[in-house]
Amino acid sequence: MSDLTDHWTSPPDRTVHGALGRCDLTILQPPFTVGPDGFPANDPVRARELALSFGTVEEVLEELESRGAIEAPPYPAERADLDVVLAGAWGHVLGISDLALADDGNDEPLLYEARKLRERFPDARILGRVSFDPGDSHTEDLVWLPDGTLFHASGWPGSDPWELTGDPYEVAAALGITEAMLEDADLDLDAEAEEVEWADFVSLALGDADPWALPHPRVSAFRVRHTASYTRRMEELFLPDV
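Please read these numbers as outputs of a predicted model, since none were measured by experiment.

Peer 1: Explain the pattern of salt bridges to me, please; I cannot follow it from the model alone.
Peer 2: Between side chains of opposite charge, pairing is possible as soon as their charged atoms come close. Per the counting criterion, the structure on display carries nine salt bridges. The residue aspartate 103 makes a salt bridge to arginine 233 at a minimum N-O spacing of 3.1 Å. Within this pair, whereas aspartate 103 is found in the loop between strand S4 (93-98) and helix H2 (109-120), its partner arginine 233 is found in helix H6 (residues 228-238), the two being separated by 130 residues in sequence. Residue arginine 233 is classed as buried on the basis of its relative accessible area of 13%. With a shortest N-O distance of 3.5 Å, glutamate 113 and lysine 116 are connected by a salt bridge. Taken together, the positions of glutamate 113 and lysine 116, both in helix H2 and three residues apart, correspond to about one turn of that helix. The exposure class of glutamate 113 is buried, given its relative accessible area of 1%.

Peer 1: For this particular structure, what's the right way to read unusual backbone geometry?
Peer 2: With omega at -5°, the peptide bond leading from aspartate 160 into proline 161 counts as cis. Its location among the elements puts proline 161 in the loop between strand S7 (150-155) and strand S8 (163-165). Unusually for a residue other than glycine, glutamate 108 sits at a positive phi of about 55°. With a relative accessible area of 19%, glutamate 108 lands in the buried category. A positive phi angle is found at aspartate 186, which is not glycine, with a value near 60°. Looking at the element boundaries, aspartate 186 is found in the loop between helix H4 (179-184) and helix H5 (198-206). Exposure remark for aspartate 186: the relative accessible area of 70% places this residue in the exposed category.

Peer 1: Is there a simple way to think about the environment of serine 131 in this case?
Peer 2: With respect to the helices and strands, the residue serine 131 is situated in strand S5 (residues 125-133). A sequence separation of 52 residues divides serine 131 from glutamate 183, and the C-alpha atoms of the two residues are 23 Å apart. Leave out the neighbours within four places in its chain, and serine 131 touches Ala19, Leu20, Gly21, Arg22, Ser137, His138 and Thr139. For serine 131, the side chain forms a polar contact with the side chain of serine 137, separated by 3.5 Å.

Peer 1: What should I look at first to understand the side chain of arginine 223 in this one?
Peer 2: Within the fold, arginine 223 resides in strand S9 (residues 218-226). Residue classification places arginine 223 among the buried residues on the basis of a relative accessible area of 14%. For arginine 223, the side chain forms a polar contact with the main-chain oxygen of alanine 80, separated by 2.8 Å.

Peer 1: Would you explain the nonpolar core in this entry?
Peer 2: Formed by 41 residues in total, the largest nonpolar core has its most connected members in Leu20, Leu25, Leu142 and Phe238. In terms of nonpolar packing, the next biggest core, distinct from the first, is built from 32 residues, Leu86, Leu127, Phe151 and Trp212 among them.

Peer 1: Any chance you could explain the packing of aromatic side chains here in plain terms?
Peer 2: What describes a pair of aromatic rings is the distance from one ring centre to the other and the angle between the planes of the rings. Counted under the stated rule, the structure contains six aromatic pairs. Through a chain of ring-to-ring contacts, three or more aromatic side chains come together here, namely Phe39, Trp90 and Trp212. The side chain of arginine 118 reaches across the aromatic face of tryptophan 144, ending 5.6 Å from its centre.

Peer 1: What's the story with the pairing of S4 in this structure? I'm lost.
Peer 2: A regular strand carries its side chains on alternate faces of the sheet. Among the six residues that make up S4, six are buried, leaving the element largely enclosed by the rest of the structure. By the alternation rule, side chains of S4 split into Val93, Gly95 and Ser97 and Leu94, Ile96 and Asp98, which are all buried. The pairing of strand S1 (residues 19-28) with S4 spans five bridges and is classified as antiparallel. Its bridge partner lying in S4, threonine 26 is registered against glycine 95. Relative to S4, strand S3 (residues 84-90) runs antiparallel, the two being bridged by six bridges. The residue bridging leucine 86 from the neighbouring strand is serine 97, located in S4. Linking S3 back to S4 in an antiparallel pair, the connection comprises two residues, with glycine 91 at a positive phi of about 65°.

Reading the values: the criteria
- Residues numbered from 1 in each chain as written.
- Predicted model: local features only at pLDDT ≥ 70, side-chain atom pairs only at ≥ 80, totals over all residues.
- Heavy atoms only, no water.
- Salt bridge = Lys/Arg side-chain N within 4 Å of Asp/Glu carboxyl O.
- Helix = DSSP H or I, 4+ residues; strand = E, 2+ residues; numbered from the N terminus.
- Buried < 20%, exposed > 50% of the residue type's maximum accessible area, 1.4 Å probe, protein only.
- Contact = heavy atoms within 4.5 Å.
- Polar contact = N/O pair within 3.5 Å; in protein donor to acceptor, adjacent residues only side chain to side chain.
- Core = buried A, V, L, I, M, F, W, Y, C linked by side-chain atoms within 4.5 Å.
- Phe/Tyr/Trp six-rings, centres within 6.5 Å; stacked < 30°, edge-to-face > 60°.
- Lys NZ or Arg CZ within 6 Å of the ring centre and 35° of its normal.
- Pairing = 2+ DSSP bridges.

Structure, rendered in structure tokens:
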């Protein structure tokens, strides 16, 4: 790996601050379910293509050892860990986990990148979950259906204000999510936005097509050079005293 690396101003062994619970985006193409045999094997060539085409990534520098999708995101202990992106291509299901999707409420990168994916995959369901804790947790969650139905939530659990787009009940109705299913998931969509676990709503929308909840399937891992703008944001979030 070269260390002309990137656009970082801090060294690779610099200690990272803040923790990530999730940072995954799933592109679910028709058919929108996974069969009884589960996910097909990951295609590493298509996974690399997905990582390279993702809006946060400028260049793929190195392919690392594959791992179970449930291991996403990779735990960031030092700055070099922020360069690791996980991507999978399991037949009609594509997924990417990238620490560059972390946010503190200022930019909404999940929604920004989902808009680009919407143009590339007009027939897909696009679903994402991001949770970043720089001392207090901030979450961004999204479900976007092929007919344009969108629900997006961004905010600090337990606190106002929240950015909300769309109606989660429209998503639930479109996906056949019943009141009983919401109750089983302990989701009350009528509660205040800061009291709802929106990541659980995304999980319910994914159903059995959620690759990130399982030790299988496998996922490809890449060390990448992020774009200058995303590197700058990550440095501000994870290395705040730079």
